[in-house]
Amino acid sequence: MGIIADRLSRIKPSPTVAVSNKAAEMKAAGEDVIGLGAGEPDFDTPEHIKQAAAAAMAAGKTKYAPVAGIAELRRAICDKLKRDNGLTYTPDQITVGCGGKQTIYNAMMATLNPGDQVIIPAPYWVSYPDITLLAEGEPVIVDCPESDNFKLKPEALEAAITPKTKWLMLNSPSNPTGAAYTRADLKALAEVLLRHPQVWVMTDDMYEFIIYDDFEFTTIAQVEPKLYERTLTLNGLSKAYCMTGWRVGYAAGAVDVIKAMNKVQSQSTTSTSTISQWASVAALDGDHSFIAEHNKVFKERRDLVVAMLNQATGLTCATPEGAFYVYPSCAGTIGRQTPDGKTIETDEDFVTYLLEAEGVAAVHGEAFGLSPHFRISYATSTEALEEACRRIQRACAALR
Ligand code: GLU
């Protein structure tokens, strides 16, 4: 009998975090590595948000916060959901956790019984299935190939639902593909869900504000008010506000679900940092003009990366509507040989080759449940991206 619990054998360490940590370590050791692994904006947290944190510290707001989050932040979140999404929530319907990841973890721990099923469209963010498994649920993966624009089709949803289905996980714009659901897409999925009252929806709206080309963001409870009661709306400050290290995510939903999530959190982290919460109040209530400025830069980078990857032999890359990821196919490299005689058999082989031959760190598609692809985060300097894409082109050209 070993010291490590059996439940750990069901999961793996987060591959996105692993790739970013590895790239950072290699860089620190003096290696010439360009990290395109982390989904983290390179922009600094806006100054007015930092100042709000400093002011909170100066005013002694450095003690424990309530488990659900400080009242001012829950009020600011309710205002945000009303303003941006037309959704009415009261503060007792809001919980704040340490990043989007912990709110999802709390939700799964609070609601899943052993064997309860969670429908997860693939490609998915790496943590959805593993958090489900930690909570003793059963991930039901539904393939959403590139030919469906990486989006869940209503027929596929209908076919995946069983009496054991508890949640459908939605994420738009998507990590890792950047694909985003239109109002019509969501309406069609909602029609299926209305026929299955046992199925609840977790919608991860973390990339809500990072959209391009006049795409109009909508979320499922807004599109179909009849689903409001059984929707858990998840969001956070990390991406749009460039606050990844501040660790603030939140959920809005039915009071009994939120209460249960708070119960879980009260026995783990208690709350996220009080200082981060005051900074988040300033972020949500404050000026948002920096988001449009960032999006302009992100869009230029997206277009650059898509164009350069499509010029690489063996790669094809679709243009996504949002987030800061592209999810190119590397199907054309499979079966080919690297200059030192290794055959590329999987997308993992391909990203390993990119790292070893050219010092470019990306995440293999298998981690997101759809191969052969890989994910590139373009939330990094334009210069570094251009150089990385040149290296990828060179690596692809060297395959025989
Ligand atoms: N969500 C980001 C990503 O996908 C951060 C890393 C993580 O938590 O997975 O890269």
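As a reminder, the structure under discussion sits directly above these lines.
Residues numbered from 1 in each chain as written. Predicted model: local features only at pLDDT ≥ 70, side-chain atom pairs only at ≥ 80, totals over all residues. Heavy atoms only, no water.

Engineer: I would appreciate a short explanation of the nonpolar core in the present structure.
Structural biologist: Among the nonpolar cores identified, the biggest contains 38 residues, and Leu-309, Leu-315, Phe-324, Phe-350, Phe-374 and Ile-376 are the most heavily contacted of them. Of all elements in the fold, only helix H11 (289–310), strand E9 (325–326), helix H12 (347–358), strand E12 (374–377) and helix H13 (382–397) reach the threshold of two or more residues within this core. For this core, the element with the highest residue contribution is H13, accounting for seven residues. (Core = buried A, V, L, I, M, F, W, Y, C linked by side-chain atoms within 4.5 Å. Buried < 20%, exposed > 50% of the residue type's maximum accessible area, 1.4 Å probe, protein only. Helix = DSSP H or I, 4+ residues; strand = E, 2+ residues; numbered from the N terminus.)

Engineer: I keep staring at the site of the ligand and nothing clicks. Help me out?
Structural biologist: Near the ligand the following residues occur: Ser-14, Thr-16, Val-17, Gly-37, Ala-38, Gly-39, Lys-101, Trp-125, Asn-175, Lys-239, Tyr-325 and Arg-375. Separating an oxygen atom of the ligand from a backbone N or O atom of Gly-39 is a distance of 2.8 Å. In this structure, Lys-101 approaches the ligand through a side-chain N or O atom, which is 3.0 Å from an oxygen atom. Relative to its unbound accessible area of 280 Å², the ligand is 83% covered by the protein chains. (Near = heavy atom within 4 Å. Polar contact = N/O pair within 3.5 Å; in protein donor to acceptor, adjacent residues only side chain to side chain. Areas by Shrake-Rupley, 256 points an atom, 1.4 Å probe, with all protein chains shown as cover.)

Engineer: Please explain the side chain of Thr-380 as it appears in this structure.
Structural biologist: Among the secondary structure elements, Thr-380 is positioned in the loop between E12 and H13. When its relative accessible area of 18% is taken as the criterion, Thr-380 is described as buried. Not counting chain neighbours up to four residues away, the residues in contact with Thr-380 comprise Leu-36, Asp-42, Arg-301 and Leu-385. (Contact = heavy atoms within 4.5 Å.)

Engineer: How do you make sense of the pattern of salt bridges when you look at a structure like this?
Structural biologist: A side chain with one charge can pair with a side chain of the opposite charge if their charged atoms come near. A complete count under the given rule lists 21 salt bridges for this structure. With a shortest N-O distance of 3.0 Å, Asp-285 and Arg-75 are connected by a salt bridge. Taken as a pair, Asp-285 in helix H10 (residues 274–285) and Arg-75 in helix H3 (residues 71–85) lie far apart in primary sequence, 210 residues in all. Residue Asp-285 is classed as partly exposed on the basis of its relative accessible area, which comes to 40%. Because the salt bridges share partners, they merge into one network encompassing Asp-32, Glu-387, Arg-390 and Arg-391. (Salt bridge = Lys/Arg side-chain N within 4 Å of Asp/Glu carboxyl O.)

Engineer: For this particular structure, what's the right way to read the sheet that holds E9?
Structural biologist: Remark on secondary structure: sheet strands pair via backbone hydrogen bonds, oriented parallel or antiparallel. Strand order in this open sheet of three strands is E9-E12-E11, and the pairing throughout is antiparallel. At either margin of the open sheet sits one strand with a lone partner, and together these are E9 and strand E11 (363–364). Where E11 meets E12, two bridges bridge the pair, whose relative direction is antiparallel. Bridge pairing links Val-363 to Arg-375 in E12. (Pairing = 2+ DSSP bridges.)

Engineer: So what exactly am I meant to see when it comes to empty space enclosed by the protein here?
Structural biologist: Rolled over the atoms, a probe with the dimensions of a water molecule shows which regions are left empty. As enumerated under the stated definition, the model contains four cavities of 30 Å³ or more in all. Estimated volume of the largest cavity: approximately 110 Å³. For the largest cavity, the lining is made up of 13 residues, of which Pro-121, Pro-123, Asn-171, Ser-174 and Tyr-181 are closest to its centre. (1 Å grid on protein atoms, 1.4 Å probe; cavity = no way out; pocket = protein on both sides within 12 Å on 5 of 7 lines; lining within 4 Å. Points joined across faces, edges and corners; volume = space filled by probe spheres on them.)

Engineer: Quick question: what am I supposed to make of the layout of surface pockets here?
Structural biologist: Here the largest pocket is characterised by a volume of approximately 830 Å³. Lining the largest pocket are 39 residues; nearest its centre among them are Ser-20, Ala-38, Gly-39, Glu-40 and Lys-239. Secondary structure elements with two or more residues in the lining of the largest pocket: helix H1 (15–28), strand E1 (34–35), helix H4 (99–111) and E12. In terms of residue count, H1 provides more of the lining of the largest pocket than any other element does, seven residues in total. Grouping the constituent residues of the lining of the largest pocket by class yields 16 nonpolar, 15 polar and eight charged. Estimates place the volume of the second largest pocket at around 360 Å³. Lining the second largest pocket we find 18 residues, and of these Val-19, Glu-348, Val-351, Thr-352 and His-364 sit closest to its centre. Looking at the lining of the second largest pocket, the elements that each hand over two or more residues are H1, H12 and strand E10 (360–361). The biggest single contributor to the lining of the second largest pocket is H1, with six residues. Among the residues forming the lining of the second largest pocket, the class breakdown is eleven nonpolar, two polar and five charged. (Nonpolar A, V, L, I, M, F, W, Y, C, P; charged D, E, K, R; others polar.)

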